[in-house]
Amino acid sequence: MDYTLHLENQLLFIKGATKVVSSTSTGAQVLTEANSIIITGQNIEVKKLNLDDKEVCFYGEYTQIKFSGSVKKQPLLKRIFK
């Protein structure tokens, strides 16, 4: 599934989200089926979270939005014994 980002004033809408890994007032990390999205800024808060519909909405002041490559899950033993 594809994902979309829409920024309107201080609202950031992400459709296609599969998981919110972390969320603090200075940043958040959201997983999609294809990428990891890392958001940094100030006063960031989750306004809407509906992972059944794969939607998340953040409110805040954004300084950076980064996209990582494809998301691959490693086997548990490989993660433990790096």
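Computed from a prediction, not measured in an experiment: that's the story for all the values here.

Draft legend 1. Structural view of the pairing of strand 4 (residues 27-32). Among the six residues of strand 4, five are classified as buried, and the element is accordingly described as predominantly covered. In terms of strand pairing, strand 3 (residues 17-24) meets strand 4 through six bridges, oriented antiparallel. Considered in strand 4, the bridge of S22 is made with Q29. Alignment of strand 4 against strand 5 (residues 36-50), held across five bridges, turns out to be antiparallel. Residue L31 lies in a different strand from strand 5, and its bridge partner there is S36. Turn length for the strand 4-strand 5 hairpin, with the two strands adjacent in sequence and antiparallel, is three residues.

Draft legend 2. Main features of the sheet that holds strand 3. The sheet built from six strands is open, its strands ordered 1-2-6-5-4-3 with antiparallel pairing. The sheet terminates laterally at strand 1 (4-8) and strand 3, the two strands that pair on one side only. Looking at each pair of strands side by side, their axes are set apart by 35° on average, direction ignored. Bridging between strand 1 and strand 2 (residues 11-15) involves five bridges; their strand directions are antiparallel. Paired with E8 across the bridge in strand 2 is L11.

Draft legend 3. Inspection of the pattern of salt bridges at higher detail. Going through the model one piece at a time under the given rule, you end up with four salt bridges. Residue K15 is joined to E55 by a salt bridge in which the shortest nitrogen-to-oxygen separation is 3.9 Å. Residue K15 is located in strand 2, and its partner E55 is located in strand 6 (residues 55-67); the two are separated by 40 residues in the primary sequence. The class of K15 is partly exposed, set by a relative accessible area of 46%. By relative accessible area, which is 19% here, E55 ends up buried. For E55, the salt bridge is made with K48, and the minimal N-O distance between the two is 3.0 Å. Look at K48 and you get partly exposed, because its relative accessible area is 41%. Because the salt bridges share partners, they merge into one network encompassing K15, K48 and E55.

What counts and what doesn't
Counting of residues starts from 1 at the beginning of each chain's written sequence and follows it residue by residue. Note on the predicted model: pLDDT of at least 70 is required for a residue's local features to be given, and 80 or more for side-chain atom pairs to be given and counted; whole-chain, interface and lining totals, by contrast, use all residues. Computation of side-chain values: all heavy atoms of the structure, hydrogens and water removed. Buried residues are those whose accessible area, probed at 1.4 Å on protein chains only, stays under 20% of the maximum for their type, while exposed residues exceed 50% and partly exposed ones sit between those limits. The secondary structure listing takes helices from DSSP runs of H or I that are at least 4 residues long and strands from runs of E that are at least 2 residues long, numbered from the N terminus. Only strands joined by at least two bridges in the DSSP assignment are considered to pair. The axes used here are C-alpha line fits, helices contributing only the stretch in contact, and every angle between their N-to-C directions lies in the interval 0 to 180 degrees. The term salt bridge refers to a side-chain nitrogen of Lys or Arg lying within 4 Å of a carboxyl oxygen of Asp or Glu.

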